[in-house]
Amino acid sequence: MEGDANGPFLHGNRPTVPEPLVPPVPPLLASMPNQPRNTDHSGCHMRKPLQRLGIPAFSLSVLLIAAAVSPAAPAPAESSGRGAPLSQDDLDRMTVQQKLDVLNPLRLVGSAVQQVGRDQRQDVFTGVRIAPSHRSVELFLTDVNQKDSFLARVKRLEPKADLRLVDVKAAPSTRVELRNHIKQLKDLGPQLPFDIQGIGHSVDGTQIQVMASDAGRAQAYFAAGPAALRGNGKPTPRYEVLQGQPQRGSRPLLYTRQNDSAPYYAGAALDNVGSTLARCTSGIPAVSTWDGRQWLVTAGHCYAEGNAVHTNGGRYVGNVWRVLPHVDAAFIETPTYRRTWDGFDTAGYSRYLNGVRSNLVNDEVCQLGYNSRVVCGIRVTNVEYDHFGVITTVGVQKDGFTAARGGDSGGPVVTVNHPDSRQLNGIIRGGWQGYPAWVVWVDVWDIFNAFAIKLNPS
């Protein structure tokens, strides 16, 4: 069945190959009408029904977010076997493949370090990040003498990880101690002369960043150094205070393709039937690890348990079976497949999800919420940020573009680790008014662990 400009656009006439785009492409694009893309564009092919039966297509297209033909970056001078430092501008001048060659080994070892630190070595782990040089991974431990035993666990978890890329640095407090410090502050609640609208710690453990309803009062409060905030014999971290939404009791600005069908993908429009904009976006095609039931995951603040969910085009998806507020996730029982919608138009094209990964400070991701379509260049700045009671990852769009908007909620945050497929990092939760380049999302592993699911193996 084929759709016209005003009718539903079905899977049979969705192109699988994007038209190459020449950057810079601003992410603030207006909604486009529900109609198929021009089939006389070079490189575009109609999607075949077999793909909806679980047979993925192979794409020969140029990556959507890739720079069009760009000069190859000069080979860096060798330094300690890692190469010369690379700035963000250096990375931006690279071809897609050159960039992947630099970042993928760091992502592999960094993600394994993160898992070991959070699950097995909480006694010494503070944080991990891709170094500003983009040539190594910095691991922060409170006891650097534990380096060898820590890295041995990393190697057992991920045998392909190159431990030579890891630099171990000393930190004043563990991740657990810092989170306890933050909890102690949040528990003061009404005793504080300001509202905490977001709070997290730096990856090296030296700083607490607070989004406050009244920055002046917060700065004065922290300058006074209340004794209640000093504990465990640890030095009090520095406090960085940012002005949030000014009124007390304000709620976060929650960010939420057109008519998806089973099996459902990530990145599709949910509800607001008949509108050009979505209410929320589908985020994770999943399956239970204990009974094999299939789930489509979106943001928990979008729905209540029992709500019926439809596509933006009006097709019934399923009912919300469970909502877990502590990870801001809603679970819709319905057939799914491990692909995500991508592209700047309502028809779009899809990409295979080749796996999931943890978030790393200084890494770069994209978000595919329906109302924004595609926003890339989002730099991870914090992976332990308490956003109104939910632990999130914070990213900032490096060029100052709006990182997400209403209706993107629940949409997938992805890493472009391959030209024709993506890794899933998590789902969009929201942001703050006044900080349009900021966006927060819930880590995919937190959602997996909370509901005993995994990416649908399809």
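Keep in mind the model is a prediction, meaning the values are calculated, not measured.

A. Layout of the sheet that holds strand β2 (residues 137-141). Strand order in the open sheet formed by 3 strands is β1-β2-β3, and the pairing between neighbours is mixed. The open sheet has two edge strands, β1 (125-130) and β3 (166-170), and neither has a second partner. Here the strands of the sheet are splayed against their neighbours by 20° on average, with no regard to which way each runs. Packing of helix α2 (residues 96-119) onto the sheet brings it into contact with β1, β2 and β3, and relative to β1 it is tilted by some 170°.

B. Examining the confidence of the model for the protein more closely. On average, residues of the protein score 81 in pLDDT, and 78% of them are at 70 or above. Under a pLDDT of 50 for its full length, residues 1-80 has, in the predicted model, 158 contacts with residues more than four places off or in other chains.

C. Examining α2 more closely. The end-to-end C-alpha separation of α2 is 33 Å, in line with the 34 Å expected for 24 residues at 1.5 Å each. Its axis deflected by about 30° at leucine 103, α2 carries its strongest bend there, up to four residues before the proline proline 105.

D. Main features of the sheet that holds strand β11 (residues 294-299). Within the open sheet, the 6 strands sit side by side as β12-β13-β14-β11-β10-β23. Their pairing is antiparallel. Lying at the two open borders of the sheet, with one neighbouring strand each, are β12 (308-310) and β23 (453-455). Taking each pair of neighbouring strands and ignoring which way they run, the sheet shows an average axis angle of 45°. In this sheet, strand β14 (residues 329-333) lies alongside β11 in antiparallel orientation, the contact comprising 5 bridges. Within β14, the position partnered with leucine 296 by the bridge is isoleucine 332. The sheet strands contacting helix α6 (residues 444-451) are β10 (284-288), β11, β13 (316-324), β14 and β23, and the helix crosses β23 at an angle near 140°.

E. Structural context of the pairing of strand β17 (residues 364-367). Residue alternation in β17 divides its side chains into two sets, Glu364 and Cys366 and Val365 and Gln367, and both sets are buried. Pairing of β17 with strand β18 (residues 375-387), which is carried by 3 bridges, proceeds in the antiparallel orientation. Counted as the bridge partner of valine 365 is isoleucine 378 from β18. Relative to strand β20 (residues 412-418), β17 runs antiparallel, the two being bridged by 2 bridges. Following the sheet pairing, cysteine 366 is matched in β20 by valine 414.

The rules behind the values
- Residues numbered from 1 in each chain as written.
- Predicted model: local features only at pLDDT ≥ 70, side-chain atom pairs only at ≥ 80, totals over all residues.
- Heavy atoms only, no water.
- Pairing = 2+ DSSP bridges.
- Helix = DSSP H or I, 4+ residues; strand = E, 2+ residues; numbered from the N terminus.
- Axes fitted to C-alpha atoms, helices over the stretch in contact; angles between N-to-C directions.
- Contact = heavy atoms within 4.5 Å.
- pLDDT = per-residue confidence, 0-100.
- Expected span 1.5 Å × (residues − 1).
- Bend = angle between axes of the 7 residues up to and from the residue.
- Buried < 20%, exposed > 50% of the residue type's maximum accessible area, 1.4 Å probe, protein only.

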